[in-house]
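Letter by letter, the chains look like this.
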Amino acid sequence: MKEKLQAMRDALERELDAVRASEDVEALRVKYLGKKGELTGLLRSMGSVPAEERPAMGKLVNELREHIEGVIGAKKELMRAAGMQLKLEKERLDVTAPAVVRPIGGRHPIAAVTKELEDIFIGMGFDIVDGPEVEYDYYNFEALNTPPGHPARDAQDTFYVNDKVLLRSQTSTVQIRTMEKTKPPIRVVSPGRVYRSDAVDATHSPMFHQMEGLVVDKGITMGDLKGTLELFAKTLFGEETKLRFRPHHFPFTEPSAEVDVSCFVCGGKGCSVCKKEGWIEILGAGMVHPNVLRGCGIDPEVYSGFAFGLGIERIVMKKYGISDMRLLYENDIRFLRQFG
Ligand code: DAH
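Rules used in this analysis
- Residues numbered from 1 in each chain as written.
- Predicted model: local features only at pLDDT ≥ 70, side-chain atom pairs only at ≥ 80, totals over all residues.
- Heavy atoms only, no water.
- Near = heavy atom within 4 Å.
- Polar contact = N/O pair within 3.5 Å; in protein donor to acceptor, adjacent residues only side chain to side chain.
- Areas by Shrake-Rupley, 256 points an atom, 1.4 Å probe, with all protein chains shown as cover.
- 1 Å grid on protein atoms, 1.4 Å probe; cavity = no way out; pocket = protein on both sides within 12 Å on 5 of 7 lines; lining within 4 Å.
- Sits in = over half its atoms within 2 Å of the grid points.
- Helix = DSSP H or I, 4+ residues; strand = E, 2+ residues; numbered from the N terminus.
- Nonpolar A, V, L, I, M, F, W, Y, C, P; charged D, E, K, R; others polar.
- Phe/Tyr/Trp six-rings, centres within 6.5 Å; stacked < 30°, edge-to-face > 60°.
- Buried < 20%, exposed > 50% of the residue type's maximum accessible area, 1.4 Å probe, protein only.
- Lys NZ or Arg CZ within 6 Å of the ring centre and 35° of its normal.

### Description of the site of the ligand
Lining the immediate surroundings of the ligand are 16 residues, of which Gln170, Ser172, Arg196, Gln210 and Glu212 lie closest. Between the ligand and Gln210, the relevant distance is 2.9 Å, taken from an oxygen atom to a side-chain nitrogen or oxygen of the residue. At 2.6 Å, a side-chain N or O of Glu212 approaches an oxygen atom of the ligand. Its free accessible area being 350 Å², the ligand has 92% of it covered by the protein chains. Taking a 2 Å distance to the grid points as the criterion, the majority of the atoms of the ligand fall inside the largest pocket. Listed by contribution, the elements that provide at least two residues to the shell around the ligand are strand S5 (207–217), strand S8 (279–288) and strand S9 (304–311). Residue classes in the shell around the ligand are distributed as 5 nonpolar, 9 polar and 2 charged.

Encoded structure:
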């Protein structure tokens, strides 16, 4: 009996040493101390031990049971602590480590200037509206008082999807779309892409950006056009900016004008930005032609309006001193980064 107890103690020791998971420790407890466990079996067989040896034997068995309970408990505690340590290691977080810096993009200069223009007109009570780039000939030309065969079409040759559908050559299309949908008073600006079948060079691109403006109400005059554009130009280029209206012709306005601002670099003395002219042309404008109003179901005897259209690239280039338009479309990060 004594030898059996010693053998059991030794076996348990080896088995505990080999244990890797806490479930295995529990399995060992069951193996020795469970209802059908080895030590429990030994206790049951005490009956066969001679009566005079029983107390001494009983004492030994009890000692062994206490021993087994002790080492198994200790092992369980050890494994729990080790598990916790492992978990802590795994979930360790160094809050002092430098953060991962994700680069944040900046606005493209065309987008930045577009936003600036929008903000100025929003400040004057204009709404921003949008129109399609793939457009009907009707909206791009015909409804703008430019029927087939009209010479003004030549200067705006564009890309055709078919006889009736084209890539719009001007944002003036949005004038018509707006007047068809809304009753006066109308006060909108509409920035967007336009297309022309121009060869690429430093000042031309088959795709560029314009912003259209349209105001229609009772009693709108050329004075309103001048006042609006003057406030716009002073906000964009500075308080000292002067405007110059030169007579011009557009089919959809009468009278029409091309509008220059005094050079914001030299103030009008003449420099490389204004090409020694002292003035920089920024837009076309005029009073909406009665034919255009009538075509949209607006009575020109009751209502009048003004419109203007400006080239966004031109303003971007003058503003930032960019001499080659192609830089704006190459997406060279070294160029774009300068505009943050
Ligand atoms: N759409 C004209 C162009 O692309 C610019 C323009 C001129 C727009 C006069 C207008 C305007 O609204 O009234 O050349």
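### Some words on the packing of aromatic side chains
According to the stated counting rule, one finds 8 aromatic pairs in the structure shown. When the centroid spacing of 6.0 Å and the interplanar angle of 25° are considered together, the rings of Phe250 and Phe252 count as stacked. Comparing Phe250 with Phe252 shows no difference in burial state: the two are buried. Measuring from ring centre to ring centre gives 5.1 Å for Phe335 and Phe339, while their planes differ by 65°; the resulting arrangement is edge-to-face. An aromatic cluster is built from Phe121, Phe126, Phe232 and Phe308, whose rings are joined through pairwise contacts. Positioned above the aromatic ring of Tyr139, the side-chain terminus of Arg177 is 4.1 Å from the ring centre.

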